[in-house]
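Structure at a glance
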Amino acid sequence: MPAVAYSNEEILDIVKKSGKGEEAALRKFFDIFSQDIYNFPIRVFHLSEDDASDYYIYAFERLKTGKRFQSFVGKSSFKTWFFSVLRNLLIDWQRTKRELKIHSLGKVNKDGKEYNTIEDEPDTRAEQQTHAIDISEKFQAALQEVKLESRVVFKLSFIYYLHLTDEEVKYIAEKANISTVDLQIEIMALRENLSDKEEDNLRNEDKITSLYLNILDLKEQKKTKATGDSIEAAHLRDRIDHSLKKKYEQRRKLIEKKQKGHFLVRTPYREISRILGISEGGVSVTLLRVMEKFQKNFRDFGEEN
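Cut-offs and rules
Residues numbered from 1 in each chain as written. Predicted model: local features only at pLDDT ≥ 70, side-chain atom pairs only at ≥ 80, totals over all residues. Heavy atoms only, no water. Helix = DSSP H or I, 4+ residues; strand = E, 2+ residues; numbered from the N terminus. Buried < 20%, exposed > 50% of the residue type's maximum accessible area, 1.4 Å probe, protein only. Axes fitted to C-alpha atoms, helices over the stretch in contact; angles between N-to-C directions. Parallel < 35°, antiparallel > 145°, perpendicular 65-115°, else oblique. Left-handed = near helix turned anticlockwise from the far one by under 90°. Contact = heavy atoms within 4.5 Å. Nonpolar A, V, L, I, M, F, W, Y, C, P; charged D, E, K, R; others polar. Core = buried A, V, L, I, M, F, W, Y, C linked by side-chain atoms within 4.5 Å. Expected span 1.5 Å × (residues − 1). Bend = angle between axes of the 7 residues up to and from the residue. Polar contact = N/O pair within 3.5 Å; in protein donor to acceptor, adjacent residues only side chain to side chain. pLDDT = per-residue confidence, 0-100. Phe/Tyr/Trp six-rings, centres within 6.5 Å; stacked < 30°, edge-to-face > 60°. Lys NZ or Arg CZ within 6 Å of the ring centre and 35° of its normal. Salt bridge = Lys/Arg side-chain N within 4 Å of Asp/Glu carboxyl O.

**Overview of the overall build of the protein chain**
Helix and strand content of the protein chain: eleven helices and two strands. Going residue by residue from the N terminus, the α and β elements of the protein chain occur as α-α-α-α-β-β-α-α-α-α-α-α-α. Within the span of the protein chain, comprising 305 residues, buried residues form 34% of the whole.

**A look at the packing of helix α1 (residues 8-19) against helix α2 (residues 23-45)**
Across the interface, α1 lies against α2 with an axial gap of 8 Å and an inter-helix angle of 130°. As far as their axial angle goes, α2 and α1 are oblique. When you trace α1 past α2, the crossing you get is left-handed. For the pair α1 and α2, the contacting residues are Ile-11, Ile-14, Lys-17 and Ser-18 in the first and Ala-25, Leu-26, Lys-28, Phe-29, Ile-32 and Phe-33 in the second. Its residues assigned to classes, the contact of α1 with α2 shows seven nonpolar, one polar and two charged.

**A short note on the nonpolar core**
Of all hydrophobic cores here, the largest spans 39 residues; its most connected members are Ile-37, Tyr-55, Leu-63, Phe-69, Phe-78 and Phe-82. Broken down by secondary-structure element, the contributors of at least two residues to this core are α1, α2, α3 (49-63), α4 (78-96), α8 (180-225) and α9 (231-259). In terms of residues, this core owes the most to one element, α2, which gives ten residues. Excluding residues within four positions of it along the chain, Ile-37 makes contact with Phe-30, Tyr-55, Tyr-56, Ala-59, Leu-63, Phe-82 and Leu-86.

**Some remarks on α2**
Taking 1.5 Å per residue, 23 residues should reach 33 Å; α2 reaches 31 Å between its end C-alpha atoms and fits that length. A maximum bend of about 55° is found in α2 at Phe-33.

**Brief notes about the side chain of Ser-34**
By secondary structure assignment, the location of Ser-34 is in helix α2. On the basis of relative accessibility, which here comes to 2%, the residue Ser-34 falls in the buried class. A distance of 2.5 Å separates a polar atom in the side chain of Ser-34 from the backbone oxygen of Phe-30.

**Re the side chain of Arg-251**
Among the secondary structure elements, Arg-251 is positioned in helix α9. In this structure Arg-251 comes out as buried when scored by relative accessible area, which is 11%. Among residues more than four places away in sequence, those in contact with Arg-251 are Arg-43, Val-44, His-46, Ile-208, Leu-211, Tyr-212 and Ile-215.

**Brief notes about unusual backbone geometry**
The backbone of Asn-177 sits at a positive phi, close to 60°, despite the residue not being glycine. Its place among the elements puts Asn-177 in the loop between α7 (166-176) and α8. Asn-177 gets classed as exposed once you look at its relative accessible area, which sits at 70%.

**Re the confidence of the model for the protein chain**
Per-residue confidence for the protein chain gives a mean pLDDT of 79; residues scoring 70 or more make up 81%. Below a pLDDT of 50 lies the segment residues 98-125, which in the model reaches 40 contacts outside its immediate sequence neighbourhood of four places, other chains included.

**Quick word on the packing of aromatic side chains**
All chains considered together, the criterion is met by 21 aromatic pairs. Ring geometry for Phe-72 and Phe-78: centres 5.3 Å apart, planes at 85°, overall edge-to-face. Using a relative accessible area of 15% as the deciding quantity, one classes Phe-72 as buried. Centroid distance Tyr-160 to Tyr-161: 5.4 Å. Interplanar angle 90°. Geometry classified as edge-to-face. Of the residues examined, Tyr-161 reaches a relative accessible area of 36% and is grouped as partly exposed. Put simply, the rings of Phe-29, Phe-30, Phe-33, Tyr-56, Phe-60, Phe-69, Phe-72, Phe-78, Trp-81 and Phe-82 touch in pairs and so form one group of aromatic residues. When the ring centre of Tyr-58 is taken as reference, the NZ or CZ atom of Arg-62 above it lies at 3.6 Å.

**Focus: the pattern of salt bridges**
In the structure shown here, the tally under the stated rule is 13 salt bridges. One salt bridge in this structure joins Asp-13 and Lys-17, with 3.2 Å as the shortest N-O distance. With a gap of four residues between them, Asp-13 and Lys-17 both fall in helix α1, about one helical turn apart. What makes Asp-13 partly exposed here is its relative accessible area of 36%. Arg-151 is the partner of Glu-168 in a salt bridge, and the nearest nitrogen-oxygen pair spans 2.6 Å. Separated by 17 residues along the polypeptide, Glu-168 in helix α7 and Arg-151 in helix α6 (residues 148-157) bring together distant segments of the chain. Overall, Glu-168 belongs to the buried group, its relative accessible area being 0%. Given a relative accessible area of 4%, Arg-151 falls into the buried group.

This is how it looks when you write it as C-alpha cells:
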C-alpha cells in the first residue's frame, strides 16, 4: 500500500470520478489499490506470484476504464465491494485459464504503471509459455509410456479433463463388451455427471473467497465499532473474535482440501471398476503406480531444468 493515507471520503470521491472515466482519478485509484489487486489471489487462493501477475493484468484490463465502479452504490464499504469485484474477476479468470491477449501498445506492471519491456524489464511471457508447453509435452510423453491397461485406468479416473485415443476406446469397449459408440455415449454421460462435482468445486472456491471477505469485514467492525472500555464494546469484541476464529478455521480447512487435490474432479473407483470389470482395489493400486511413475518423470525433468 502507498505511504499516503486517504480518508474514506477521498476514496469515495476518487471512485466516483473513476466511474466517470476521469484519467487522473483512475491513475490515483491504481496507485492506491494496485497492491491489493496483486495480492488478492495470493491471500485468498494461495496462488503463486506468477499467477498473481497474470491475474493482475487480467483485472487491470477490465477495471482500467472505470465503468465497473459505476455499480458501487455505497451500501457497503468500498473495500468490501471491491473485493467482491476482484473475487468475481478471479473466478472468471480461473475458469477461462487461457492465454490473455493484451491489446494495449504498452504493458502494465503490478503497480499499474505502463512500461517499455525493452528499457525497463524483460517480457517473460514467451518463456513461461514455452515452459508450460514443455511440461504438457512431458506429461503426454510420460502418459504414452504407461502400458495401455494402466493408461486407460488413469484416463478414466480423470476423464473430465482427458480424452481417449481410438486405441484406448477400442480397448475399453472390448473390456466392457460394448460397442465403441455405446462406450462414447457412456463416457459423455459420465462427464455430464462429473460436471456437477465441478460446480461443487467452484462453489467451494467461491466460499473460500466469501470467508476471506467476511474476515475482512469483521476486522473492520472490530476496528470501528468494538473500541473502548465499555461493557458493550468488550462483548462485541468477544463476539467478533469468536466469529473470526470460526471463519479462519473454515477457510483453513477448505484451503487444506484444495491443496490436497480434493477440488479435482475424479471418477469414482466403482465406475471405473464397473466399466473395466476389475476390482476397486485394482483401480486404486494401478492409479497409485501411474502417479508414482509421473512423479519420478517430473522429478527427473525438474533436475534437468
